[in-house]
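A structural walkthrough
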Amino acid sequence: MGNMADISTKAVIPMMSALSSFGLSELALRRLGATKDRHLAYYGDSWIDHLGWGADSAFVAARLLFSGQMVGAAAVLRSQFERWTENAAYNANVYHEKGETAASFAARAWSGCHAGYPSTRRIKQETGQSRVGPTLADVEFWEDERRPVEFQGPAVLIGESYQVYPAALMEFMSELLHGRGRFVDVIRWEASYLLQEEPEILVEAAQWLSDVLMLNLRQVRLCLATLAAEQGHKNFAPSLFALPELTYVGQAGPANFSLYPLLPETGLSQQVVNQLHGPAYAHEQVMRGERPAGRLYRDDEMTLLYFYERRARATRWATKFLESEKKSLGDKFNLDGLSSRNVMNVMAAEMAGIASNWLGNTPQGNAAALCSSALRSAHWLWLEDDDRAMALLRVVLEQCARLKTWSSKPEKAEKLESSAATTPKDWLNAAGLRRMQSLNRALGEFAHFHAKIRLEGARDILVKIQREGESANAVFTARGHALDAMTALVMAESIRCVGSLSTTVAESFKMIANEVFAGEDNASLESSLEDLLQRTLRLKDAPLGDYSLSGPADAVRKRE
């Protein structure tokens, strides 16, 4: 956490520039009725709050990137990219074609919708589910986890000459989240080297992620302009495009304290809360048309105000949840539980990071690094009550299976690594973790955000996997249980892979794991995992249920 402040300014500049493109969208959200104190991860009951969620998600991803957690940022940005790709497709009348890859579909959707940018002529209001083809129920192209074939596709022009390629961006994020390709060094940099010795490719990776964020914000801006025009703000709608999308806003990113995880001793400490209060208050004054600094803010200052306001909002929600839990539990309320879980998470992430360091730039080393980084980001998002923590646990589960396969069946692992058709399910089967497929399916639903996600069914599986899955409180502990389960799995696989290098270190890892994971029942790490496997096996046929989202596309199909 201390090293976050020393991340190269060259890696910060692209993200600050992308966030600055948010521009007048913040004012539009206020004028059009977005809930001011909305939760950063809630996708909203209304269209304007849904657009607010899209904007907030950009800052959630940026916070992870500023913290060096590229995998966490990619997980948030990919789900957003899916969401706004479907929105772009709906508005451009682009349909998914049978057998088409997600990357190819994204390229056609974005280039079709943005061919005449800036323009709101074809932007239609839609509230959740996008029309991507009459046979969408038979198509699961977003979940196609096969290794992508490099495909650049048509470009989207930003500014006068900067071109981004949606297809390439989609494939880049997929490779990063599966621990493959030429950007794995940025994962190892965070997990193995603790943000020291920056890899040469770091700035390029930051630029790619910033390009995704810029496209997502651009689509939100188009939707806001359309909504403004529909509500009679005809002069305000064009003004949303008045500021340039590509603006240099300096080299300074957010202060380190604003990035910390929301734990009582770090991100929720009174000192941090007080430090965030000032800029959050200034943000509110600016939104009211005042000048709290006695002058107009510069572009870089406004971008930081947008960021700090969201971090302040995150602390308020976290505090509110803690107060609610305290009221519910009474004398049983104890913050030590948060600290204990943090110790478990840090220990597991460090074990995997050390293993990655020793295993080097190999498939095993990359898998261990991805376990470490994804687990850390999952914990940070879980502290903010963000479902996207579960998306990162899906990454952890796949990479643990990848590690175990390399340890127990290296020849099988070699075949899976070289195959373009390998999926997370294949790694689980090869690793002897077939019993975890129900958990894999549930976490997989949270890994995406598109027209066919089934969040309620996935959440129900996470609830029932718990030992006390039938209790009244099980729904409130389901995500925390999933986090603990994947933490234990990372410890187990870290012990397994370092065992081939040093039995002494492996025994030390095992002693630490049993000490921090045993808890009140004094169960060993192995017995806890076996118990988990048996519970998940009982849910192997659990249905995921109905789709969670609906919108105009749904109505079209019903009429047809």
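Everything numeric here is computed off the predicted structure, so don't read it as measured data.

1. Digging into the overall build of the protein
- In terms of helices and strands, the protein carries 22 helices and 2 strands.
- When its C-alpha atoms are laid out on the principal axes, the protein stretches across 70 × 55 × 50 Å.
- Buried positions account for 59% of the 560 residues belonging to the protein.
- Contacts spanning at least 24 positions in sequence make up 75% of the contacts within the protein whose residues lie at least 6 apart.
- Accessible area of the protein: about 22,900 Å², with a carbon and sulfur share of 51%.
- Treating the 61 positive side-chain charges of the protein as one cloud and the 68 negative ones as another, the clouds have centres 4 Å apart.

2. Overview of the environment of Val-12
- Within the element layout of this structure, Val-12 appears in helix H1 (residues 9-20).
- Take Val-12: its relative accessible area is 10%, and that puts it in the buried class.
- Separated by 194 residues in the primary sequence, Val-12 and Ala-206 place their C-alpha atoms 7.6 Å from one another.
- Apart from the residues lying within four places of it in its own chain, the contact partners of Val-12 are Ile-7, Phe-66, Gln-251, Ala-252 and Gly-253.

3. Quick look at the layout of surface pockets
- Its volume calculated, the second largest pocket comes out at about 530 Å³.
- Where the lining of the second largest pocket is concerned, the elements lending two or more residues are helix H2 (25-31), helix H10 (270-287) and helix H11 (299-329).
- It is H11 that contributes the most residues to the lining of the second largest pocket, 4 residues altogether.
- In terms of residue class, the lining of the second largest pocket is built from 10 nonpolar, 5 polar and 5 charged.

4. A short note on the side chain of Lys-404
- The topology assignment puts Lys-404 in helix H14 (residues 388-408).
- Although buried, Lys-404 forms no salt bridge, and the nearest oppositely charged side chain, Glu-493, lies 4.9 Å from it.
- The contacts of Lys-404, once residues within four sequence positions are left out, are Lys-409, Ala-431, Leu-433, Glu-493 and Arg-496.

5. Side note on the packing of aromatic side chains
- This structure, assessed with the given rule, holds 15 aromatic pairs.
- A ring pair is formed by Tyr-42 and Tyr-43, whose centres lie 5.8 Å apart and whose planes are at 25°; its orientation type is stacked.
- Classification of Tyr-42 as partly exposed rests on a relative accessible area of 40%.
- Assessed through its relative accessible area of 22%, Tyr-43 is described here as partly exposed.
- On the numbers, 6.3 Å between centres and 10° between planes, the contact of Phe-257 with Tyr-308 is stacked.

6. What to know about empty space enclosed by the protein
- Applying the stated criterion across every chain yields a total of 6 cavities of 30 Å³ or more.
- Taken as a whole, the largest cavity encloses approximately 100 Å³ of empty space.
- Taken together, 12 residues form the lining of the largest cavity, with Arg-78, Leu-177, Ala-391, Val-395 and Ala-447 sitting closest to its centre.
- Considering each element in turn, the lining of the largest cavity owes the most residues, 5 residues, to H14.
- Broken down by class, the residue content of the lining of the largest cavity amounts to 7 nonpolar, 1 polar and 4 charged.

7. Side note on the packing of helix H4 (residues 70-92) against helix H13 (residues 363-382)
- Between H4 and H13, whose axes approach to 8 Å, the crossing angle comes to 60°. In terms of orientation, H4 and H13 fall into the oblique class. Crossing of H4 against H13: the hand is right-handed. Touching Val-71, Gly-72 and Val-76 of H4 are Leu-370, Ser-373, Ala-374, Ser-377 and Leu-381, all from H13.
- When the residues that make up the contact of H4 with H13 are grouped by side-chain class, the tally is 5 nonpolar, 3 polar and no charged.

8. A word on a nonpolar patch on the surface
- On the surface, a cluster of nonpolar side chains totalling about 290 Å² of accessible area is made up of Ile-354, Trp-358 and Leu-501.
- Relative to the assigned elements, Trp-358 resides in helix H12 (residues 336-359).
- Since its relative accessible area comes to 45%, Trp-358 is described here as partly exposed.

9. Thoughts on the environment of Leu-544
- Mapped onto the fold, Leu-544 is located in the loop between helix H21 (525-537) and helix H22 (552-559).
- Given a relative accessible area of 8%, Leu-544 falls into the buried group.
- Each C-alpha atom of the pair Leu-544 and Asp-387 lies 16 Å from the other, and the pair is 157 residues apart in sequence.
- Once you skip the residues sitting within four places of it in the chain, Leu-544 turns out to touch Arg-441, Glu-445, Arg-454, Gly-457, Ala-458 and Ile-461.

10. Section: unusual backbone geometry
- In this chain, Tyr-117 is followed by Pro-118 through a cis amide linkage whose omega measures 0°.
- Inspection of the secondary structure puts Pro-118 in the loop between helix H5 (102-113) and strand S1 (156-158).

11. Focus: the pattern of salt bridges
- In total, this model carries 37 salt bridges according to the counting rule given.
- We note a salt bridge from Glu-350 to Arg-376, for which the minimum N-O separation is 3.8 Å. Taken as a pair, Glu-350 in helix H12 and Arg-376 in helix H13 lie far apart in primary sequence, 26 residues in all.
- Each of Glu-26, Arg-38, Asp-56, Glu-309, Arg-310 and Arg-313 takes part in one network of salt bridges that share partners.

12. So, the confidence of the model for the protein
- On average, residues of the protein carry a pLDDT of 90, and 92% of them reach 70 or more.
- The least confident element of the protein is H22, whose mean pLDDT is 44; the most confident is H13, at 98.
- Here residues 126-139 is modelled with pLDDT under 50, and outside its nearest four sequence neighbours on either side it reaches 52 contacts, counting other chains as well.

13. Points about helix H3 (residues 47-66)
- Between the first and last C-alpha of H3 there are 29 Å, a value that for 20 residues agrees with the 28 Å anticipated at 1.5 Å per step.
- In terms of burial, H3 is largely enclosed, as 20 of its 20 residues are buried.
- Where H3 ends, the next residue or the one after it, Gly-68, has phi of about 85°, a positive value.

14. Overview of H11
- Spanning 31 residues, H11 covers 46 Å between terminal C-alpha atoms, matching the ideal 45 Å at 1.5 Å per step.
- Gly-330 occupies a position one or two residues after H11 and carries a positive phi of about 65°.

15. Notes on the environment of Ile-48
- Relative to the helices and strands, Ile-48 resides in helix H3.
- Accessibility expressed as a relative area gives 8% for Ile-48, which makes it buried.
- For the pair formed by Ile-48 and Gly-432, sequence separation is 384 residues and the distance between their alpha carbons is 46 Å.
- Non-local contacts of Ile-48, meaning those with residues more than four positions away in its chain, are made with Leu-29, Leu-32, Gly-33, Ala-34, Leu-224 and Leu-227.

Rules and cut-offs
Residues numbered from 1 in each chain as written. Predicted model: local features only at pLDDT ≥ 70, side-chain atom pairs only at ≥ 80, totals over all residues. Heavy atoms only, no water. Helix = DSSP H or I, 4+ residues; strand = E, 2+ residues; numbered from the N terminus. Buried < 20%, exposed > 50% of the residue type's maximum accessible area, 1.4 Å probe, protein only. Contact = heavy atoms within 4.5 Å. Areas by Shrake-Rupley, 256 points an atom, 1.4 Å probe, with all protein chains shown as cover. Lys, Arg positive; Asp, Glu negative; His and termini not counted. Charge placed at Lys NZ, Arg CZ, Asp CG, Glu CD. 1 Å grid on protein atoms, 1.4 Å probe; cavity = no way out; pocket = protein on both sides within 12 Å on 5 of 7 lines; lining within 4 Å. Points joined across faces, edges and corners; volume = space filled by probe spheres on them. Nonpolar A, V, L, I, M, F, W, Y, C, P; charged D, E, K, R; others polar. Salt bridge = Lys/Arg side-chain N within 4 Å of Asp/Glu carboxyl O. Phe/Tyr/Trp six-rings, centres within 6.5 Å; stacked < 30°, edge-to-face > 60°. Axes fitted to C-alpha atoms, helices over the stretch in contact; angles between N-to-C directions. Parallel < 35°, antiparallel > 145°, perpendicular 65-115°, else oblique. Left-handed = near helix turned anticlockwise from the far one by under 90°. Patch = residues over 30% accessible without salt bridge, like charges linked within 9 Å, V, L, I, M, F, W, Y side chains within 5 Å. pLDDT = per-residue confidence, 0-100. Expected span 1.5 Å × (residues − 1).

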